[in-house]
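What the coordinates show
Here are the chains, one letter per residue:
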Amino acid sequence: METLASSRRGFVNWLLGTGFGAMAVWMLYPVIRYLIPPKSGEPSVANVTVPWKPAEIKANSGRIFRFGSQPGILVKTPAGELRAFTAVCTHLNCTVQYREEKQDIWCACHNGVYDLNGKNVSGPPPRPLEPYKVYVKGDEIVVSKGA
Amino acid sequence: MGRLPGSWAELVKAVDAWVEERIDLTGIRDLIRHKVVPVHRHSIWYYFGGMTLFLFIIQVCTGILLLLYYRPSAEQAFESVQFIMTEVQFGWLIRSIHSWSANLMIATLMIHLFSVYFTRAYRKPRELTWISGMLLFGIALTFGFSGYLLPWNTLAYFATKVGTDVAGQVPVVGHLMTRILRGGEDVTGATLSRFYGIHVAVLPLLTTGILSLHLFLVQKQGMSVPPEIERDGRPIPTMPFVPDFLLRDLVGWLSALAVLGALAAYFPWELGVKADPFAPAPAGIRPEWYFMYMFQTLKYLPSKIGPIDGEVVGVLGFGLGGLFLFLVPFLDRKTAQGEKSPLFFWIGAGIVTYIVVLSVLGYVAPGGK
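Residues numbered from 1 in each chain as written. Chains lettered and ligands numbered in written order. Predicted model: local features only at pLDDT ≥ 70, side-chain atom pairs only at ≥ 80, totals over all residues.

Things to note about the overall build of chain A
- Check the secondary structure of chain A and you find one helix and 10 strands.
- In chain A, the succession of α and β elements from N to C terminus is α-β-β-β-β-β-β-β-β-β-β.
- Relative to the compact-globule value of 15 Å for 147 residues, chain A shows a C-alpha radius of gyration of 28 Å, a clear excess of over 25%.
- In terms of principal-axis extent, the alpha carbons of chain A reach across some 95 × 35 × 20 Å.
- Across the 147 residues that make up chain A, the buried fraction comes to 30%.
- Partitioning the intrachain contacts of chain A with sequence separation of at least 6 by distance along the chain shows that 37% fall at a separation of at least 24. (Helix = DSSP H or I, 4+ residues; strand = E, 2+ residues; numbered from the N terminus. Rg over C-alpha atoms; globule rule 2.2 N^0.38 Å. Buried ≥ 20, exposed ≤ 12 C-beta atoms within 10 Å, placed from the backbone. Contact = placed C-beta atoms within 7 Å.)

Observations concerning the overall build of chain B
- A tally of regular secondary structure across chain B gives 15 helices and four strands.
- For chain B, the C-alpha atoms occupy an extent of roughly 70 × 55 × 40 Å along the three principal directions.
- Relative to its 369 residues, chain B shows a buried fraction of 31%.
- Across chain B, the fraction of contacts at a sequence separation of at least 24, relative to all contacts at a separation of at least 6, is 76%.

Let's talk about the pairing of strand S6 (residues 104-107) of chain A
All names here are of chain A.
- The sheet contact formed by strand S5 (residues 97-99) and S6 spans three bridges and is antiparallel. Directly across from tyrosine 98, in S6, lies its bridge partner isoleucine 105.
- In textbook terms, the turn of a hairpin is the stretch between consecutive antiparallel strands, and for S5 and S6 this stretch comprises four residues, one of which, glutamine 103, has a positive phi near 50°.
- Pairing between S6 and strand S7 (residues 112-114): three bridges, direction antiparallel. Bridge pairing in S7 places tryptophan 106 opposite valine 113.
- If you look at the hairpin formed by S6 and S7, you'll find four residues sitting between the two strands, and asparagine 111 has a positive phi there, around 60°. (Pairing = 2+ DSSP bridges.)

Describing the interface of chain B and chain A
- Contact with chain B, which involves 31 residues of that partner, is made by 25 residues of chain A.
- Tallying contributions element by element places helix H7 (residues 154-167) of chain B first for the side of chain B that touches chain A, with five residues.
- Tallied by class, residues from the side of chain B that touches chain A come to 16 nonpolar, six polar and nine charged. (Nonpolar A, V, L, I, M, F, W, Y, C, P; charged D, E, K, R; others polar.)

A word on unusual backbone geometry
- Looking along the chain, the bond that leaves B:Lys124 and enters B:Pro125 is cis, with omega of 5°.
- The backbone of A:Gln103 sits at a positive phi, close to 50°, despite the residue not being glycine.
- For A:Gln103, the location among the structural elements is in the loop between S5 and S6.
- We classify A:Gln103 as partly exposed; it has 14 C-beta atoms within 10 Å.
- Look at B:Trp152: it is not a glycine, yet its phi comes out positive at around 55°.

Here's the deal with the domain arrangement of chain A
- Segmentation of chain A into domains returns domain 1 (1-36) and domain 2 (47-144).
- Once you take the C-alpha centre of each, domain 1 of chain A and domain 2 of chain A turn out to be 57 Å apart. (Domains from an automatic or database assignment.)

Re the packing of helix H3 (residues 47-67) of chain B against helix H11 (residues 241-266) of chain B
Residues and elements named next belong to chain B.
- Direction vectors running N to C along H3 and H11 enclose 50°, while the axes themselves pass 9 Å from each other. Taken together, H3 and H11 sit at an angle that is classed as oblique. Where H3 crosses over H11, the handedness of that crossing is right-handed. Contacts between H3 and H11 involve Tyr47, Gly50, Met51, Phe54 and Leu55 on the former and, on the latter, Asp249, Gly252, Trp253 and Ala256.
- Counted by class, the contact of H3 with H11 contains six nonpolar, two polar and one charged residues. (Axes fitted to C-alpha atoms, helices over the stretch in contact; angles between N-to-C directions. Parallel < 35°, antiparallel > 145°, perpendicular 65-115°, else oblique. Left-handed = near helix turned anticlockwise from the far one by under 90°.)

Here's the deal with the nonpolar core
- If you look at the biggest cluster of nonpolar residues, it comprises 83 residues, and the most contacted ones within it are A:Ile73, A:Cys94, A:Cys109, B:Trp152 and B:Phe158.
- Residue contributions to this core peak at 11 residues, all from helix H5 (residues 91-118) of chain B.
- Of all hydrophobic cores here, the second largest spans five residues; its members include B:Phe291, B:Met294, B:Leu298 and B:Leu301. (Core = buried A, V, L, I, M, F, W, Y, C linked by C-beta atoms within 7 Å.)

Quick notes on the pairing of strand S10 (residues 140-144) of chain A
Residues and elements named next belong to chain A.
- Residues Ile141 and Val143 point to one face of S10 and are all buried, whereas Glu140, Val142 and Ser144, pointing to the other face, are not buried.
- With three bridges joining them, strand S1 (residues 47-49) and S10 adopt antiparallel strand pairing. Of the residues in S10, the one forming a bridge with threonine 49 is valine 142.
- Hairpin connection of strand S9 (residues 131-137) to S10: two residues between the antiparallel strands, including glycine 138 at a positive phi of 65°.

Observations regarding H5(B)
- Between its terminal C-alpha atoms H5(B) stretches 40 Å, which fits the 40 Å expected from 28 residues at 1.5 Å a residue.
- Phi turns positive one or two residues past the end of H5(B), at B:Arg120, with a value near 55°. (Expected span 1.5 Å × (residues − 1).)

A short note on the sheet that holds strand S8 (residues 120-122) of chain A
Residue and element names in this part refer to chain A.
- The strand order across the open sheet built from four strands is S5-S6-S7-S8, with neighbouring strands paired in antiparallel fashion. Unpaired on one side and paired on the other, S5 and S8 mark the two borders of the sheet. When the angles between neighbouring strand axes are averaged without regard to direction, this sheet yields 40°.

Digging into the sheet that holds S1(A)
Residue and element names in this part refer to chain A.
- Here we have six strands laid out as an open sheet, ordered S1-S10-S9-S4-S3-S2, and antiparallel in their pairing. The sheet terminates laterally at S1 and strand S2 (61-67), the two strands that pair on one side only. Between one strand and the next, the sheet's axes are offset by a mean angle of 25°, whatever the strand orientation.

See below:
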């Protein structure tokens, strides 16, 4: 009798426990999914036309341009060649800049340095900057992915 | 009944009697009457917890005032803070006090934390007080980090990019954590909305609960006496909490208020330049001083340590350091058994030295430009 009662109680407790457990999961699941932001609605960009004319850009300088939602950097080397890379530092995401006096690409956040091929040469960045292709079409400069 | 009380004292007495007739307050009365604070050569450290609490109350009050004008969107946040500082009467003062008080609060909190560490007040039976305190420290840092972004200026924008990317270095779940923190792949207006919600709703709620537990435990268990003073074996003199200690506490609070007022008035907190996601990170970029040692460490770590990225090693290192502090009541067995444990003194001293040296380097070491 005793064991029957206790096993019955045990069963009811188990039922209650799993019931509440399931309810907690059932309530938490949508909340957790809600916290994860939806994928951005912006289509990924394959190429952009930068808002400057080739003649405007002097040698040994660099400018930040908008590549979709990300910043890119357009560099004109001292020899006059146009190059473009992503401007997002591979270390911790800051936006890099061109240093005229040292002729390199520099990230102010943690003192990371890249050369004019986008290669990480000193400081903490673990990888080179992703290079872009640069075309000059008459008066326009077009930058596209996949160099 | 029926007769109106003639004086202030009589009125207080009447209200008191009215309440007493309905609710039994003997427990609270006894607690206040019997609560004492030990007096010894390390008693000074007892004041820093209360001072942190005082500065937190100032944060709540000034925070509520800022809420009345602040607008949490990438288009309006910077302008609304500018409006508070230039148009609203005494707006500059309220915002300046909020920023300064936040920094002073982290400072007193750190002093409180390490004084508790070095006086071994975390030992049995106060493990839960220590753990709730460490949680409050984590919450305070999150308050600081989330509040830093709200004015939407360049410094804050890049500090947030870096800070949320640091979370992304955690193996396996890192990327998802960064996305959840940012409300997307990048730091945008969505990040600002999230940080705002965290800063004004989530963290205050958590603080209320954990702070209540922390204060309840302190009242329940009384003040800890450092083991070296207990070992002397001499009886330890005490002072009543009400009014002796409380009045001394008040002197501390008033001093903090004076320092705060002077800082806020003479060194008004700057607003800086509005964040532009398509501008390079400016030279001289840096986080708040209490994250400086981490920031500086990330600068010094090489890009690869063995097969692992340098910053991953850094992030794991800080995580382990935090975990060590969190669990110290359970790791320091010797103190728990009433023995001396110099090892834990030296570990603590090492942590403090590391934080101080790297923070100072963060301000004086050349930045690279």
